[in-house]
Amino acid sequence: MNVAVTMFNGGRGAASIARGMLVTPGVDLSLVVNGYDNGHSTGALRRYLPGMLGPSDFRKNLLLHLDPADPAQAALATVLEHRLPAGTTPAGLTEVIEAVAARRGRFAALPEEASALVAAHLRAFARRLAAAPQGFDLADCALGNLVFAGAYLRLGRDFNAAVDACARAFGSPVRLLNVTNGENAFLVALRRDGTLLADEADIVAPRDQRRPQATITDLFLLREPVGGRRRAELEASPPEWARDDLLEDRAEVTPNPRALEAIRNADLIVYGPGTPHSSLLPSYLTPGVADAVARSRAAAKVFVVNTRDDHDSRGLSAPDLVDRTLAYLGDPGNRRRLVTHVLSHQGPDVGAEATPGVPTVPHGVLGRGEWAGARWLTADLEDPGHPGAHHGRRTAEALLAIRHEAALAGAR
């Protein structure tokens, strides 16, 4: 009997765990992702195509199943990750598209059906660029993002339909789901000192978050991006006034019914590791998500602690990160049992309060084996070959073992 696993994740933070699930027989994997990324070329693409969400985290999740040792799969990965060089013109993009369609050069091993689908999506974007060449620079743009943009244009500017089309083109075995119905929204944050982080790229940028006043306290999904004048006005206001103003500008987003279905029908729900204030917590702001988790048949709903701090979470302990997840799910006391287990890495030094670069787990939490009503478990989860990343197979095994034990306990 297959196990349905639904994981909240971003672009890369939980990639190793997702790969570990994919190579585990009997696992059906659904990934729930948000589209609020707007860094670098992704942000430029969103500005060029108003109404479009950010495709980059979805693009990264299409890489999960691709084996670089397989020529056809390696060619698919090349399409997704190829960066257009500086000075690329619309004519230069057309040359790349024709190479994809004809399966030439670096694209020679592309499967025929995939090359046709990808080329069709890229041509749709190229037509848009030919009609409106001003306002978008192709330099350093991921070709895979343009595949998404072309699919978005071809499919009536339906972002979720574009995600489905790209998943088919690249042969993804993952059920890749946007958490919302595709409404455009812009992510901003407030810090305790009143500083406004005006977009997702600003939220994840390197900075010293260890000072209490630098801690992010609020996230908002807005209808429109925050311009320079608006930012200055908000930062000049007391934080509580700025908070009220931002709440008035909230975007109205609705949940993707297929994402809610995947949550309700999961045997195991995983709150994946990653950049919390961009990749994870914003997804929990979606109406209906918390209710779907509460009503899920999942025997275990597991929060996986990062093995390393991200820029936006420095100064927050592992229990702090659990608390933030519960707060954004609207259940700060975990009365609805939205988190049943917490899983953290325990190497030789984890648990020591001063371990640098790792979300700390206080000794009292480890001793009790519990936090906020959730059972706290530890295991050796870090990949020794990639410090700071989870070992995919071991972590997947640990998660499935938690689910199995919880299912047996529930059946008794």
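In this numbering scheme, every chain counts its residues from 1 along its sequence in written order. Whole-chain, interface and lining totals are the exception, using all residues; otherwise, since this is a predicted model, local features are given only for residues with pLDDT of at least 70 and side-chain atom pairs are given and counted only at 80 or more. Each side-chain value is derived from all of the structure's non-hydrogen atoms; neither hydrogens nor water enter the calculation.

Participant: Would you mind showing me how to read the packing of aromatic side chains here?
Facilitator: Within a pair of aromatic rings, the relevant descriptors are the distance that separates the centres and the angle that separates the planes. Working definition: a ring pair exists when centres of Phe, Tyr or Trp rings (six-membered ring for Trp) sit within 6.5 Å. Plane angles under 30 degrees give stacked, over 60 give edge-to-face, the rest tilted. Applying the stated criterion across every chain, the model contains 7 aromatic pairs. Taken together, a centroid distance of 5.6 Å and an interplanar angle of 5° make the contact between Phe8 and Tyr271 stacked. Of this pair, Phe8 sits in strand S1 (residues 3–8) while Tyr271 sits in strand S7 (residues 268–271); the two residues are 263 residues apart in sequence, bridging distant segments of the chain. The exposure classification of Phe8 matches that of Tyr271, with both residues buried. Where Phe8 meets Tyr284, the ring centres are 5.2 Å apart and the plane angle is 85°; that geometry is what we call edge-to-face. Highlighted residues: Phe8 in strand S1 and Tyr284 in helix H13 (residues 276–284), separated in sequence by 276 residues. Through a chain of ring-to-ring contacts, three or more aromatic side chains come together here, namely Phe8, Tyr271 and Tyr284. Placement of a positive charge over a ring is assigned whenever Lys NZ or Arg CZ falls within 6 Å of the ring centre and within 35 degrees of the normal to the ring plane. Positioned over the ring face of Tyr48 is Arg128, at 4.7 Å from the centre of the ring. Helix numbers and strand numbers start at the N terminus; a helix is a DSSP run of H or I with at least 4 residues, a strand a run of E with at least 2. Relative accessibility under 20% of the residue-type maximum defines a buried residue, over 50% an exposed one, and the middle range a partly exposed one, all with a 1.4 Å probe and only protein chains included.

Participant: Even after reading the chapter, I still don't get the sheet that holds strand S4 (residues 186–191), so can you show me in this structure?
Facilitator: Strand pairing in a sheet relies on backbone hydrogen bonds, with the paired strands running either antiparallel or parallel. On the basis of which strands lie adjacent, the open sheet formed by 3 strands has the order S5-S4-S6 and antiparallel pairing. Lying at the two open borders of the sheet, with one neighbouring strand each, are strand S5 (196–197) and strand S6 (216–222). Any two strands between which DSSP finds at least two bridges are classified as paired. Of the pairings in the sheet, the one linking S4 to S6 comprises 6 bridges and is antiparallel in character. The residue bridging Val188 from the neighbouring strand is Phe220, located in S6.

Participant: What exactly am I supposed to notice about the sheet that holds strand S8 (residues 300–304) here?
Facilitator: Read across the open sheet, the 8 strands follow the order S3-S2-S1-S7-S8-S9-S11-S10; overall the sheet is mixed. In this open sheet, the two strands that pair with only one neighbour each are strand S3 (175–178) and strand S10 (370–371). Examined bridge by bridge, S1 and strand S2 (residues 27–33) share 6 bridges and lie parallel to one another. Looking at the pairing, Thr6 lines up with Ser30 of S2. Sheet strands in contact with helix H1 (residues 15–22) are S1, S2, S7 and S8, and its direction is about 155° off that of S2. In what follows, residue pairs with any heavy atoms lying within 4.5 Å of each other are defined as contacts. Fitted lines through C-alpha atoms give the axes, limited to the stretch in contact for helices. The angle between two N-to-C directions lies from 0 to 180 degrees.

Participant: How should the pattern of salt bridges be read in this particular structure?
Facilitator: One side chain can pair with another of opposite charge once the charged atoms of both are near each other. Salt bridges are defined as contacts in which a side-chain nitrogen from Lys or Arg sits within 4 Å of a carboxyl oxygen from Asp or Glu. Counted by the stated rule, this structure contains 19 salt bridges. Linking Arg231 and Glu235 is a salt bridge whose minimum nitrogen-to-oxygen distance equals 3.8 Å. With a gap of 4 residues between them, Arg231 and Glu235 both fall in helix H10 (residues 228–236), about one helical turn apart. Its relative accessible area of 26% is what places Arg231 among the partly exposed residues. A relative accessible area of 36% places Glu235 in the partly exposed class. Note that Arg308 is salt-bridged to Glu382, the shortest N-O span being 3.4 Å. Residue Arg308 is found in the loop between S8 and helix H15 (318–328), and its partner Glu382 is found in the loop between strand S11 (374–379) and helix H17 (392–411); the two are separated by 74 residues along the sequence. By sharing partners, the salt bridges in this structure join Arg12, Arg59 and Glu81 into a single network.

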